[in-house]
Amino acid sequence: MQEKNLSFNNFEQCIKCTICTAYCPVVAVNPLYPGPKQAGPDGERLRLKNKFFFDENLKYCMNCKRCEVACPSGVKIADLIHSARRRFSRNIPDLRDRLLANTDLLGKVARPVAPVVNSIVSSKPVKAVMDVMMDIDKARAFPKYQRKGFVRWFKKEAADNQEAYSKKVVFFHGCSTEFQHPEVGKAFVRVMNAIGFGVKLVDEECCGVAMISNGLWNQARRHAEHNTRVFREVVTGEGLPVVAVSSTCAFTMRDEYPDVLDVDNSDVRDSITLAEKFIFEKVDSGEVRLAFKDDYRARIAYHCPCHNEKLGWGIFTKALVGMIPGVSLTILDSHCCGMAGTYGFKKENYKYSQEIGRPLFEQIRSLSPDFVCCECETCKWQIEMSTGYMVLNPIVILAEALDLEATAVANSVR
Amino acid sequence: MRSDTIIIGGGLSSLVCGIKLQKAGQRCLIVSAGQNALHFSSGAFGLLGKLPDGTAVKEPMRSLSFLPEEHPYSKIGVDKMAGYVSETPAFFESCGVRLHSAPIAGEGGFPANGYRLTPLGSLKPAWLAMEDVTLLQSKDNIPWSKALIVNFFGFLDFNSGFIAEGLSRRGVDCRVETVSIGDVENLRKNPTEMRSVGIARVMGKENNWKEFGSKVRKLSAGEDLVILPEVFGLGDPVIIQWLREMIPAEVMFVGTMPPSVPGIRTQMRLKKAFEVAGGTFLSGDTAVNPTVEDGYVTSIHTTNLGSISLDADNYVLASGHLFGKGLESTPSKVVEPVFGLDTDFPSDRKTWCDEDFFARQAYDGYGVVCDGSFRPFIGGKSVRNLFVIGSEVGGCDSLYEGSGAGVAIMTAMSVAGNILSGK
Ligand SMILES: Cc1cc2nc3c(=O)[nH]c(=O)nc-3n(C[C@H](O)[C@H](O)[C@H](O)COP(=O)(O)OP(=O)(O)OC[C@H]3O[C@@H](n4cnc5c(N)ncnc54)[C@H](O)[C@@H]3O)c2cc1C
Ligand code: SF4
Ligand code: SF4
């Protein structure tokens, strides 16, 4: 009798219940998408016989993983879908997809001329051209590129002080911290220093999530191999954790590297973490103390990004933000914002992307919080554009709400 | 990370227990690996439809004394059962789930079983039903002589033919019609995924259910009874009410193939009630690696949280039967995979199942061995702060008895009560 599954993605465990499809945000709005059951385990049975059965419409999957969270049989549905795309898709990514996939390259090119690029990509005629020529939807607001990146700031303002800390973490800042939101990285360094940890940067490359969704498999794999190698040196060599501020980066580097890209990261996976999880664990074990400002007040709504739902780490953000004395925190219903990285940028997805996010936007508007808290930068872009409410990474909220001096004293830093 | 109580599993029993504890002031954490049996629900809850020997039950509370002593209901005892049974409708109402019982109550005001129409056209006993489902008073007498069964064009998960056949055998004159609605037609671009929930989403839009309602009204002239698939009111069951008002005949909704629309609605509302009460629900996470010392559980871990240990005063195991993966079968054993609790099954594997798929299956009756307070054993030794609830509890074959939801709710209420009273 066969006792164990033959496949690592559990596809023969599927009981055909269609629960995955019931929870897929794309099926609910886009009739072209075959849905997780058909695209995943059902399709896999056919594809294993003949690759002719591969369906290019699998590209509509946002890789939000909600199907996997819901499946009662533990089938890794989205992994099946994206590894099928990697193995069988004959679609050659066009200029637009390449451009969107290369979040880091795009940033490097855009930065020296940031003010120009920002005003160009937000100008009406250019948006119209992007819309027609590149299928990037003209209604889409582009995130602003910052002229001075995080790394440059770090080297100039922070790097020298870091040696003074006996305990250290490696910071994976990710593309958005470097190019669009350096304030997130600065907040991270301030908080880490206050709780007694020095910050070390390594030669990181983009985690590759946008390359995976845009079908740039070889490039994604190279990034995965590079990052895993770099992490290996600090994790196994120096025993340091790798801490990210974007749940999508953390999720991709832990789970997509082995499951979709076939890159073995088993020796470093458990050391890749998210800032909120890292801090919570230290606070929970008593190793770290937090001292908050007396006068911080905010009404915050928390949106847990899909990839953090999948990681299951939203509870750490809830716990940490919930600890701040003057905060009233509302947890938004579990709902995809519809952005899914570069998905919502594309003209063919824009309408669906807005429709998927609608219930979330309506809930935010009805709550009318001071701002929204979220660990993912592309959710941030989508929510800010669609609701007008500001979205802050939890580390930024913490840096703002903590009395950093008193925290440093409480942790015997000074 | 500390909680007062940690519950493993996220189905009906877990949520009832979690809501009770949370509302009583405890801090609860639910770890739920995937969706659960509510997604397969008929839209009705069973308390007791049959005794283990096959005798049909009309009034469950009056039949309790015929149950064997290892049955979960016997462990709870008649008095407490009476309290929980009376409390159930109001409890669910407070969570946004409206349930109704059969039209006429039994002795002492306790419920008498009503009968729901199944997708196979037969009648099955039920205790409480969600808004979609109609409960009939008798299983022998259908008070209508003519029925119209309406399906959506191309929807394969609602077999109107089976229902017509079953009803015709009971002397009801049946007619079958299909209706096309533009937005539902759109779903057919993807024939394999034209499923109950997809239609329910489309039917949530006002223009769609109104169009459907008026088409059915036209078709139903002169009919006594109209039968529709359970694909309405996923978000808000008020649509069910509105359709009933629009159509002059009696309207009955009958189950489709899974996923169950009333079941998902109930699950979403219970989960929301738990979270609104302040509980933490970890979706898509699996409980692993517990530590048990001197007969007490001191911590558990989960796949997603890795090295973080979760501790609590009490732990509740609500991880379901073989179907929910709360129990697993190997070639020689039935095991409870999280704690390795003692289970009850015969050693001769040949007796586990009947090759006739539709026959009663012995394995449905296997479960975790518990004491009178639903505390389990490891290697014969009692675990003092762990409780087992729901379909995982041994001592009954709830599929056969028609007591699935009843066992889930009763054991959940009983264990919540024990935890709160510190017993
Ligand atoms: C197909 C089907 C249809 C049914 N229909 C009806 C009906 O119409 N009416 C009725 O009264 N009864 C019905 N029942 C009976 C049903 O079992 C009960 O009604 C009830 O829903 C059981 O709830 P539960 O909480 O015990 O378990 P389940 O609903 O099975 O939930 C168990 C949960 O535990 C999770 N889990 C398992 N292992 C772990 C772990 N290690 N860590 C974390 N989570 C874990 C599972 O993922 C699942 O979410 C049906 C049962 C089945 C199987
Ligand atoms: S939810 Fe899981 S078991 Fe059900 S159809 Fe989807 S993949 Fe299969
Ligand atoms: S990953 Fe998200 S979009 Fe893709 S099939 Fe699953 S639920 Fe649907």
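Here the structure is a predicted model, which is why all the values come from computation and not from measurement. (Residues numbered from 1 in each chain as written. Chains lettered and ligands numbered in written order. Predicted model: local features only at pLDDT ≥ 70, side-chain atom pairs only at ≥ 80, totals over all residues. Heavy atoms only, no water.)

**Concerning the overall build of chain A**
- Summing up its helical and strand segments, chain A has 21 helices and eight strands in all.
- Per-residue burial for chain A yields a buried fraction of 61% across its 414 residues.
- The contacts of chain A with a sequence gap of at least 6 include a subset with a gap of at least 24, amounting to 77%.
- Surface exposure of chain A reaches about 16,800 Å², of which carbon and sulfur atoms provide 52%. (Helix = DSSP H or I, 4+ residues; strand = E, 2+ residues; numbered from the N terminus. Buried < 20%, exposed > 50% of the residue type's maximum accessible area, 1.4 Å probe, protein only. Contact = heavy atoms within 4.5 Å. Areas by Shrake-Rupley, 256 points an atom, 1.4 Å probe, with all protein chains shown as cover.)

**Digging into the site of ligand 1**
Residue and element names in this part refer to chain B.
- Neighbouring residues of ligand 1: 33 residues in total, closest Ser13, Gly34, Ser42, Ala287 and Ser391.
- In this structure, an oxygen atom belonging to ligand 1 sits 2.7 Å away from a side-chain N or O atom of Ser42.
- At a separation of 3.5 Å, an oxygen atom of ligand 1 approaches a polar backbone atom of Ser319.
- For ligand 1, the accessible surface in isolation is 990 Å², of which the surrounding protein chains cover 87%.
- Contributing elements (two or more residues each) for the shell around ligand 1: α1 (12–23), β2 (28–32), β3 (44–45) and α12 (404–420).
- Considered class by class, the residues forming the shell around ligand 1 number 13 nonpolar, 18 polar and two charged. (Near = heavy atom within 4 Å. Polar contact = N/O pair within 3.5 Å; in protein donor to acceptor, adjacent residues only side chain to side chain. Nonpolar A, V, L, I, M, F, W, Y, C, P; charged D, E, K, R; others polar.)

**Overview of a nonpolar patch on the surface**
- Among the surface-exposed residues, Leu46(A), Phe52(A) and Phe53(A) lie close enough to one another that they form a single nonpolar patch of about 320 Å² accessible area.
- Taking the relative accessible area as the measure of exposure, Leu46(A) reaches 37% and is therefore partly exposed. (Patch = residues over 30% accessible without salt bridge, like charges linked within 9 Å, V, L, I, M, F, W, Y side chains within 5 Å. Salt bridge = Lys/Arg side-chain N within 4 Å of Asp/Glu carboxyl O.)

**Quick look at the interface of chain A and chain B**
- Counting residues at the interface gives 37 residues for chain A and 30 residues for chain B.
- Together, the buried faces of chain A and chain B total about 2,800 Å²; carbon and sulfur atoms form 55% of this surface.
- The largest per-residue losses of area from chain A upon contact with chain B belong to Tyr23(A), Pro31(A) and Ile315(A), which jointly make up 18% of the total buried on that side.
- Put simply, chain A and chain B have one salt bridge between them.
- With a closest N to O distance of 2.8 Å, Lys272(B) and Asp333(A) form a salt bridge.
- Scanning the region where chain A abuts chain B turns up 11 residue pairs in polar contact (both at pLDDT 80 or more).
- Going through the elements one at a time, α1 (19–23), α2 (36–49), α3 (66–70), α15 (275–284), α16 (306–311) and α17 (314–323) of chain A are the ones with two or more residues in the side of chain A that touches chain B. (Buried area = accessible area lost by both parts, 1.4 Å probe.)

**Thoughts on the sheet that holds strand β8 (residues 146–152) of chain B**
Residue and element names in this part refer to chain B.
- Read across the open sheet, the four strands follow the order β9-β8-β10-β11; overall the sheet is parallel. Edge positions in the open sheet fall to β9 (173–179) and β11 (250–254), since each of these has one partner strand only. Geometrically, the sheet is characterised by an average inter-axis angle of 25° between neighbouring strands, direction not taken into account.
- As judged from the seven bridges shared by β8 and β9, these two strands associate in the parallel manner. (Pairing = 2+ DSSP bridges. Axes fitted to C-alpha atoms, helices over the stretch in contact; angles between N-to-C directions.)

**Points about the sheet that holds strand β8 (residues 391–392) of chain A**
Residue and element names in this part refer to chain A.
- Strand order across the open sheet formed by four strands is β6-β5-β7-β8, with parallel pairing between neighbours. Strands with a single pairing partner mark the edges of an open sheet, and in this sheet they are β6 (327–331) and β8.
- Sheet analysis places strand β7 (residues 371–373) next to β8, joined by two bridges and oriented parallel. Pairing of Cys373 across the sheet is with Leu392, part of β8.

**Things to note about the domain arrangement of chain A**
All names here are of chain A.
- What the domain assignment lists for chain A is domain 1 (11–88) and domain 2 (298–401).
- Once you take the C-alpha centre of each, domain 1 and domain 2 turn out to be 26 Å apart.
- Taken together, the 15 residues of domain 1 in the interface contact 16 residues of domain 2.
- Of the roughly 1,200 Å² buried at the junction of domain 1 and domain 2 (both faces included), carbon and sulfur atoms supply 63%.
- It is Val29, Met62 and Arg66 that lose the most area in domain 1 upon contact with domain 2, and together they represent 48% of the buried surface on that side. (Domains from an automatic or database assignment.)

**Observations regarding the packing of aromatic side chains**
Residues and elements named next belong to chain A.
- Under the counting rule described, the total for this entry stands at 19 aromatic pairs over all chains.
- With centroids separated by 5.9 Å and ring planes inclined at 40°, the aromatic side chains of Phe150 and Phe154 adopt a geometry described as tilted. Of this pair, Phe150 and Phe154 both sit in helix α9 (residues 150–162), four residues apart, roughly one helical turn.
- The exposure class of Phe150 is buried, given its relative accessible area of 0%.
- Considering the side-chain rings of Phe280 and Phe316, the 5.4 Å spacing of their centres and the 40° angle between planes classify their relative orientation as tilted. (Phe/Tyr/Trp six-rings, centres within 6.5 Å; stacked < 30°, edge-to-face > 60°.)

**Some details on the state of the cysteines**
- By the definition in use, this model includes zero disulfides over all chains.
- You can see Cys370(B) has no disulfide; the closest cysteine sulfur is in Cys396(B), sitting 10 Å from it. (Disulfide = S-S within 2.5 Å.)

**Considering the domain arrangement of chain B**
Residue and element names in this part refer to chain B.
- Considered domain by domain, chain B is made up of domain 1 (2–105 + 264–421) and domain 2 (120–256).
- Of note, the centres of domain 1 and domain 2, computed from C-alpha atoms alone, are 32 Å apart.
- Each partner contributes residues to the interface: domain 1 has 27 residues there, and domain 2 has 22 residues.
- Each partner contributes to the roughly 2,100 Å² buried at the junction of domain 1 and domain 2, and carbon and sulfur atoms together form 61% of this total.
- When the buried area of domain 1 at its contact with domain 2 is split by residue, Phe45, His100 and Arg265 rank highest and sum to 30% of it.
- Inspection of the region where domain 1 meets domain 2 yields one salt bridge.

**Focus on the site of ligand 2**
Residue and element names in this part refer to chain A.
- The environment of ligand 2 is formed by 14 residues, the closest being Cys14, Cys17, Thr18, Cys20 and Cys71.
- For the shell around ligand 2, the secondary-structure elements that each account for two or more residues are α1 and α2.
- Among the residues forming the shell around ligand 2, the class breakdown is 10 nonpolar, two polar and two charged.

**Digging into unusual backbone geometry**
- The step from Pro258(B) to Pro259(B) runs through a cis peptide bond, and the omega angle for that step is 0°.
- Positionally, Pro259(B) belongs in the loop between β11 and α10 (261–276).
- Phi at Asp262(A) takes a positive value of approximately 65°, unusual for a residue other than glycine.
- Here Asp262(A) shows up in the loop between α14 (247–259) and β4 (272–274).
- The class of Asp262(A) is exposed, set by a relative accessible area of 52%.

**Comments concerning α14(A)**
All names here are of chain A.
- Taking 1.5 Å of rise per residue, the 13 residues of α14 would be expected to cover 18 Å, and the 17 Å separating its terminal C-alpha atoms lies within 8% of that figure.
- Its axis deflected by about 35° at Met253, α14 carries its strongest bend there.
- In terms of burial, α14 is a largely internal element, 12 of the 13 residues being buried.
- For α14, the full list of buried residues reads Ser247, Thr248, Cys249, Ala250, Phe251, Thr252, Met253, Arg254, Asp255, Glu256, Tyr257 and Asp259. (Expected span 1.5 Å × (residues − 1). Bend = angle between axes of the 7 residues up to and from the residue.)

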